[in-house]
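# Residue-level structure breakdown
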Amino acid sequence: MSALCDPSGAATPGPPPTPAHGGHSPLSSQELAQEIKAFLSGVDPVHGNKLTIKEHARCAILLLRSLPPARNAVLDHLRNVFDEYVCTYLLELESSEGGLGAGRAQGPNLDDVVQEIQNVLSEFVRMNPKAWAPVVSAWSIDLMGQLSSKYAGRHGVPHASSLNELLQLWMSCKATRTLMDIYTQCLSSMISTCPDACVDALLDTSVQHSPHFDWVVAHIGSSFPNTIISRVLSCGLKDFCVHGAAPVDLLFPTAADKRVPKIASVVGILGHLASRHSGSIKQELLRMFHESLGPVRDQQQKATVPFLLQLAVMSPMLLGTISSELVDSLKPSVLSQLHQHFAALPREDLENMVSIVVHLICQTSAGAYRILQFLVNTAMPASVITTPGLAVHDSVREACDRIIQLLLLNLQKLVYNRGSASLGDAPPRAVPFLDELKGHVRELCVETLRLERKRFLWQHQLLGLLAVYCTPSCATDALFYLLTLAQSQEELGLATQLYAVLSSCMSDLLPATVQKCVCQIHTGGLSEQHMVQLFHNLALIVQWEGEGPASMSTQLGAVLSLHLYDLGQLLLHRNPEVAKSASLLLSVCPMPRAIRPAHLLVIIRSAVHQFFLVLHRQCPTGISYSSRLLFHLSGTSPAAMKAILQQLVEGALHPGNAELFGGLAELPAGDDASLEGTKVSLLDINRRFTAAVNFSGSVWSVFHAGVIGRGLKPPQPARRQEPEEIVHNIQNFLSLLLSCCLGGRHSAPESPAQMAAVNPEAAKAVAVVLVESICPDVTNSELGWPPEEHTRSTVERDIQICRRFRDNPLLFQLLQLVAAGPPALCYCSVLLRGLLATLMAHWEASRHNDTTSSPWHLHASCALVACMAEGSLLPPVLGNMHEIFHQLAPFEVHLLLLSVWDYMRDNSPLPQKFTFQADKGLFFRDFSRDCDAGKYLYVLHSVLHKNIDRLGLLSGRFQT
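On a predicted model such as this, the values are computed, not experimentally measured, just so you know. (Residues numbered from 1 in each chain as written. Predicted model: local features only at pLDDT ≥ 70, side-chain atom pairs only at ≥ 80, totals over all residues. Heavy atoms only, no water.)

## Some words on the overall build of the chain
Test applied: A run of H or I in DSSP becomes a helix once it reaches four residues, and a run of E becomes a strand once it reaches two; helices and strands are each numbered from the N terminus. Accessibility here uses a 1.4 Å probe with only protein chains present; expressed as a share of the type maximum, an area under 20% marks a residue as buried, one over 50% as exposed, and anything in between as partly exposed. Contact between two residues is taken to exist if any of their heavy atoms lie within 4.5 Å; hydrogens are not considered.
Scanning the chain from N- to C-terminus turns up 44 helices and two strands. Relative to its 960 residues, the chain shows a buried fraction of 50%. In the chain, the share of contacts with a sequence separation of at least 24, taken over all contacts with a separation of at least 6, comes to 75%.

Pasting the structure below:
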C-alpha cells in the first residue's frame, strides 16, 4: 500500500469526480482492497489467472477513479499501455511496408483502453485543473518524449530533420495523438492562471529528448503560439538566473549549455516557431528588452539582456529576427537607460559584453547596413545633423566608438584568416555581416566620400575589408563607385588609397574596374553627369605623377588604352559635356602600340567632328582637349597622320564650318527660303504683257509663259562670327594642323608662324586634299604649266577656283602650310594656275589707277606669289615682287604676273627638281640648274625704272 501513497500531501488532488462519468458505482473497502491487490500482483484475486494488459489497465483506471493518492503509480503503469500501443502500431507499419501483414501475429487492440484513459484524465483536468493539470501535463509530455526517443531508430520512423513527416507519423498514432490532446487540454486549462508548470515540463522534456521531441514542440507551438513564446522565454530566463550564467559564457555556447540546460530547448522551440510566428517572437523579445531597462526590481531583470544575448549567440535566426528592429528602437533615451543599466558592472564584464556585441554584429546579416549606420552616427554624428534631440551621453558615444574599432579589428581577422582556413577541405568561413553589406557598396562609397572626420576612415577601411572578402566583384564595385562619385582631388585620393591596399592581392583589379566602367557606360548604367565626372577623375589620375611603372596612374593609362575604341565612340555623344570629357580622357591616355585600322579611322573621324563642334561652341577647354587628342593620334602611324589631315582639311572646307574661318556658308540645294511668300500669277502677267504690246492686224498671239529659273540669287547671309573669333579659330586650326604634320614628334607650336620643317609627306597629303576638295575632276598628273593661251579653255574652272579662295580665306593659309613642306606645293599646280590666270585677267581688265581699289585681288596676288616663293616654285628675285604690288598700277601688276606665268611655263613645278638633304631631312631646290632667270626680270626692272621715285630704295632686292 505504501507504493500507492502520494508522498507529497500538498500535491494530492481533491476528491475524485462523480462516478457517473466512469460508469462504476463506489467501491467498498473490501472491493478496493481486492483491486489494489490485483493491480499490484497482476493476478485476478478471484480466479487466480494473470490479468491481460486491457484488464490490468482497467484495474489501474478504476484505482485512479477511486483512490487519488495512487495516481503516480497508476500513471506510471499507464505508460506501459501507451508504449505497447506504439510498439504494436510501428510493427503494423513495418508489416504493411514489407507485405507481411497477413502472416504476422497482431498485438492486442488497445484503442478502447486508450480512449478510456483519455476520458478519465480529461474529466479530472476539467473538474479540478489546479490539482490535476500540472501532474497530467508533466506525465503526458514526458511520456511523449520517452516514446519519441525510444522508437526514433525504428524502421519506418522518419529522421528528426524531416519534421513534417515525423509529425504526420506520430499524429496518425492514436496513443501519441491522445497524449497530445491531453497535454493540450492541460495547457488550455492553465493558460489564464499559471501556464509555467506546463511550459516547464515542455522545456525539461525538450532538454532530454531533443531533437526527436521537436515534432511535439512544433505542434504545441502552432496551437498556442503567443503563450508558448512568452512562457518559454519566461521559463528560460528563470532557469538562466537560477544557474547564474556569467557574461563570459556567452562567447562559449557549449559551456553555457552545460550550466543552463534549458537554454538550448528555448532556442530550439523558438526556432521551430520562427517560420510562422517570427513577428510574435520579435515583439516578445523587444518587450523583454525594454522592460529590463526600467528601474531594477529583481535579479531576473538584471539578467534579461545577458539572456537575450545568449539566445542571439546560440541562434542566428533569432539574431536576424530582432536585430533590425532593435537598432531602430535604440533612441537616445533608450541608450541612456542602457548605459545606466550597465554602468555598475565590473570592467571585465563590460569588456566581455562588448566582445559579445561585436561577435553578434559579425554574425548579423539582416539589417547589417542599418546597424553600421547606427553605430557610426552614434559614435560620430555627421556635421549635417543638427537636431538637438539626437544628443547622446559621451559614454555612449565612446562605447560605440569602441565597438566600431573592435568590429573592424574582428572583421579583419575573419577576412584575412579565411585564406589559411581554406587551405584544407573545408570551405572558407562565411561572415554574414559582410555578406549583407555586399549590396550596399554604393552607399558605403557615398558615405566615405563625405570626408566626415572619423566616419570616412572607418567606412574606407570597411570598404577594403569588403573588397578582399568578396573579391573580385566588391573590389571592382567599390573602386568604380569611388572613381565615379569623387568630386575633388581629396575624395579621389580615397580611390587611389583603396587601390594601393588591394593591388597587392588582386592583380587584375584595374582591368576589371575599367571593364566595369565601360560596360556601365554603354549599357546605360551611368547618368550623363556621372559619366562626365568619371572621365574627369580617370584623366586626373592618369596625369598624376606615379612612382614607377607599378603606380596607379601608369597602369591605368595602359589599361585605358586597351579600350580606346569603346571610349572613342563617346566623342559623338549627344551631350556636349560627355563628349568633351571623353576627349579629355583620350587626350591624356597613352596610345596603344597597335590598333585596328578600322577602329582608328572611326576614332579619328569622331575626334575631328568633336573638334569642329567645340569650335562652333567657342569652348577653349574642349578645343584644347580635342587638339591634344588628334595630335597624339597622329603619332600612332603615318596612315593615321594622313587620315587626320584629310579629315581636318575636308572639315574646314565643309560649308557648315566655313563660317568659323571667315568663309561663306553655301546654301543647301533647293533652298526656297528667299522665295517664301512669292506668289506668281501668269494670268496677271499676261494681262499686263498683252496690254503693253499691240498685236492688232497680226495672226500671231504671244503669251508670257514665265521666267526660266528663280530670278536673282538670294544674298549670302551676313557673317555671324566676330573678327576676333575668326582669327582665333584660324589660329587653333592651323596650330592643330601643323602639329599633326609633325607626326606627334614634338609639342604643338604656339603660333602659325612656326611653320618651318613641315613633314613633306604631311604637306603633300594636305595638298592632295585641297585639290580634291576644290577641283575634284582634276588628277595629280596635271602638274605641268601650259602656255597662257591654254587658260581660255579652263576659264570656268579657274573662276570656280578663284571663287572658292575668295569665299574661304583659310585656303591661302593652307597653301602657306603646304608651301612650308617642299615639294608638296607642286601638287597644287592646278590651283595655282587657276588662281594666277583669274588674277591676271582681272588686272588686265581693271581700269583703276591703283591696285588698292581691288583689295581682295591685291591680297590674293601678294599671297599667291609669296606662297609660290615659299614653296620654292619661284626664285627669290621673282618671289619678292609681291612687295611692290600695292604701289603699282593694275596693268603693271598684270605684266609682272605674266612674267611669273612665263617662268612657270618654262620651269614646270615638278617634284623631281627638288633634292633631299639627309642632314636636315628636308627637300630644297637649286635654281641654278634651271634656265637663267634674268630674262624674266625685264618687265620687273622696267616697272622699277618707271617708278624709280617711289621704288628706288627697293631696287636692290630685285638684282640677280
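## Comments concerning unusual backbone geometry
The amide bond that connects Thr471 to the next residue, Pro472, takes the cis arrangement and shows omega of 0°. Assignment of secondary structure puts Pro472 in the loop between helix H22 (453-469) and helix H23 (473-485). Between Pro822 and Pro823 the backbone carries a cis peptide bond, its omega angle lying at 5°. Of note, Pro823 is situated in the loop between helix H38 (810-819) and helix H39 (829-845). Of note, Arg453 is a non-glycine position whose phi angle comes to about 40°, a positive value. Positionally, Arg453 belongs in helix H22. Judged by its relative accessible area of 49%, Arg453 falls in the partly exposed class.

## Brief notes about the pattern of salt bridges
Definition in use: Each reported salt bridge corresponds to a side-chain nitrogen of Lys or Arg within 4 Å of a carboxyl oxygen of Asp or Glu.
On inspection of all chains with the given rule, the structure shows 24 salt bridges. In this structure, the salt-bridge partner of Asp328 is Arg370, at a minimum N-O distance of 1.9 Å. In this pair, Asp328 sits in helix H15 (residues 316-329) while Arg370 sits in helix H18 (residues 368-379), placing the two residues 42 residues apart along the sequence. Of the charged contacts in the structure, one is a salt bridge between Arg455 and Glu447, with a shortest N-O distance of 3.3 Å. The pair formed by Arg455 and Glu447 is uniform in burial state, with each residue classed as buried. Through salt bridges with shared partners, a single network forms among Lys54, Arg58, Asp112 and Glu116.

## Things to note about the side chain of Ser323
The topology assignment puts Ser323 in helix H15. Each residue touching Ser323, except ones within four places of it in the same chain, is listed here: Thr364, Ala366 and Ile371.

## Considerations on the packing of helix H12 (residues 262-292) against H15
Formally: Axis lines are fitted through C-alpha atoms, for helices just across the contact stretch, and the angle between N-to-C directions can take any value from 0 to 180 degrees. Crossing handedness: left-handed means the near helix sits turned counterclockwise from the far one by under a right angle, and right-handed means the same turn made clockwise.
For the pair H12 and H15, interaxial distance at closest approach is 9 Å and the crossing angle is 35°. The element H12 and its partner H15 pack so that their crossing is right-handed. Residue-level inspection shows Leu270, Gly271, Ala274, Ser278, Ile281, Lys282, Leu285, Leu286, Phe289 and His290 of H12 in contact with H15, the latter providing Met317, Leu318, Thr321, Ile322, Glu325, Leu326 and Ser329.

## As for the confidence of the model for the chain
Threshold: Scored from 0 to 100, pLDDT reflects the predictor's confidence in each residue.
Of the residues in the chain, 84% reach a pLDDT of 70 or more, and the chain-wide mean stands at 81. For the stretch residues 100-105, pLDDT sits under 50, and the model shows five contacts to residues farther than four places along the chain or on other chains. A low-confidence stretch, residues 246-259 stays under pLDDT 50, and its non-local contacts, those more than four residues away or across chains, total 29 contacts.

## Comments concerning the nonpolar core
Convention followed: By convention a nonpolar core is built from buried Ala, Val, Leu, Ile, Met, Phe, Trp, Tyr and Cys residues, the set being connected through side-chain atoms within 4.5 Å.
The biggest cluster of nonpolar side chains holds 304 residues, and the ones touching the most others in it are Leu648 and Phe733. Not counting chain neighbours up to four residues away, the residues in contact with Leu648 comprise Val608, Phe611, Phe612, Leu630, Phe733, Leu736, Leu737 and Cys740.

## Here we look at the packing of helix H30 (residues 597-617) against helix H32 (residues 638-653)
Rules: The classification used treats Ala, Val, Leu, Ile, Met, Phe, Trp, Tyr, Cys and Pro as nonpolar, Asp, Glu, Lys and Arg as charged, and all other residues, Gly among them, as polar.
Two elements in contact, H30 and H32, have axes whose closest approach is 10 Å; the angle formed by their N-to-C orientations is 35°. In this structure, the crossing between H30 and H32 has a hand that is right-handed. Only Ala640, Ala643, Ile644, Gln647, Leu648, Gly651 and Ala652 of H32 make contact with H30, whose side of the interface consists of Leu600, Leu601, Ile604, Arg605, Val608, Phe611 and Phe612. The residue makeup of the contact of H30 with H32, split by class, is eleven nonpolar, two polar and one charged.

## As for the environment of Asp83
Note that Asp83 resides in helix H3 (residues 71-98). Distance in space between the C-alpha atoms of Asp83 and Met144 is 9.7 Å, their sequence separation being 61 residues. Every residue in contact with Asp83, bar those within four places of it in the chain, is listed here: Leu147, Lys150 and Tyr151.

## Remarks on H18
The cut-off we apply is this: By this rule the span expected of a helix is its residue count minus one, scaled by 1.5 Å.
Spanning twelve residues, H18 covers 17 Å between terminal C-alpha atoms, matching the ideal 16 Å at 1.5 Å per step. Among the twelve residues in H18, ten count as buried, and that is most of the element. Every buried residue belonging to H18 is among Ala368, Tyr369, Ile371, Leu372, Gln373, Phe374, Leu375, Val376, Thr378 and Ala379, and all of these are buried.

## Observations regarding the environment of Leu163
Here Leu163 shows up in helix H6 (residues 163-172). A sequence separation of 53 residues divides Leu163 from Val216, and the C-alpha atoms of the two residues are 9.8 Å apart. Leave out the neighbours within four places in its chain, and Leu163 touches Asp214, Trp215, Ala218 and His272.

## Concerning the packing of aromatic side chains
Selection rule: Stacked, tilted and edge-to-face are the three classes applied to pairs of Phe, Tyr and Trp rings, where Trp contributes its six-membered ring and a pair requires centres within 6.5 Å; stacked means planes under 30 degrees apart, edge-to-face means over 60, and tilted covers the rest.
Throughout the structure, instances matching the rule amount to twelve aromatic pairs. Seen from their ring centres, Trp170 and Trp215 are 6.0 Å apart, and the 20° between their planes marks the pair as stacked. With Trp170 in helix H6 and Trp215 in helix H9 (residues 214-223), this pair connects stretches of sequence that are 45 residues apart. Both residues of the pair, Trp170 and Trp215, count as buried. Between the aromatic rings of Phe812 and Trp856, the centroid separation amounts to 6.4 Å while the plane-to-plane angle is 55°, which identifies the pairing as tilted. Of the two residues, Phe812 sits in helix H38 while Trp856 sits in helix H40 (residues 855-870), which places them 44 residues apart along the sequence. By the ring-pair criterion, three or more aromatic residues cluster together here, those being Phe611, Phe612, Phe661 and Phe733.

## Topic: the side chain of Asn537
Inclusion rule: Pairing of N or O atoms within 3.5 Å defines a polar contact, subject to two protein rules: one partner must be a possible hydrogen donor and the other a possible acceptor, and residues neighboring in sequence count only if both atoms are side-chain atoms.
Here Asn537 lies in helix H26 (residues 528-543). For Asn537, a relative accessible area of 4% corresponds to the buried category. Engagement of the side chain of Asn537 in a polar contact is seen with the backbone oxygen of Leu483, the distance being 2.6 Å. Setting aside residues up to four positions removed in sequence, Asn537 forms contacts with Leu483, Thr484, Ala486 and Leu492.

## Topic: H26
Under the 1.5 Å per step criterion, the end-to-end length of H26 is 23 Å for 16 residues, consistent within 8% with the ideal 22 Å. Looking at the buried positions of H26, the neighbouring elements they touch are H23, helix H24 (489-502), helix H25 (509-522), helix H27 (552-561), helix H28 (564-568) and helix H29 (576-588).

## Regarding the state of the cysteines
Heads up, the condition is: Disulfides are defined in this document as cysteine sulfur pairs within 2.5 Å.
Enumeration according to the criterion identifies zero disulfides in this entry. Unpaired in terms of disulfides, Cys826 finds its nearest cysteine sulfur in Cys828, a separation of 9.2 Å.

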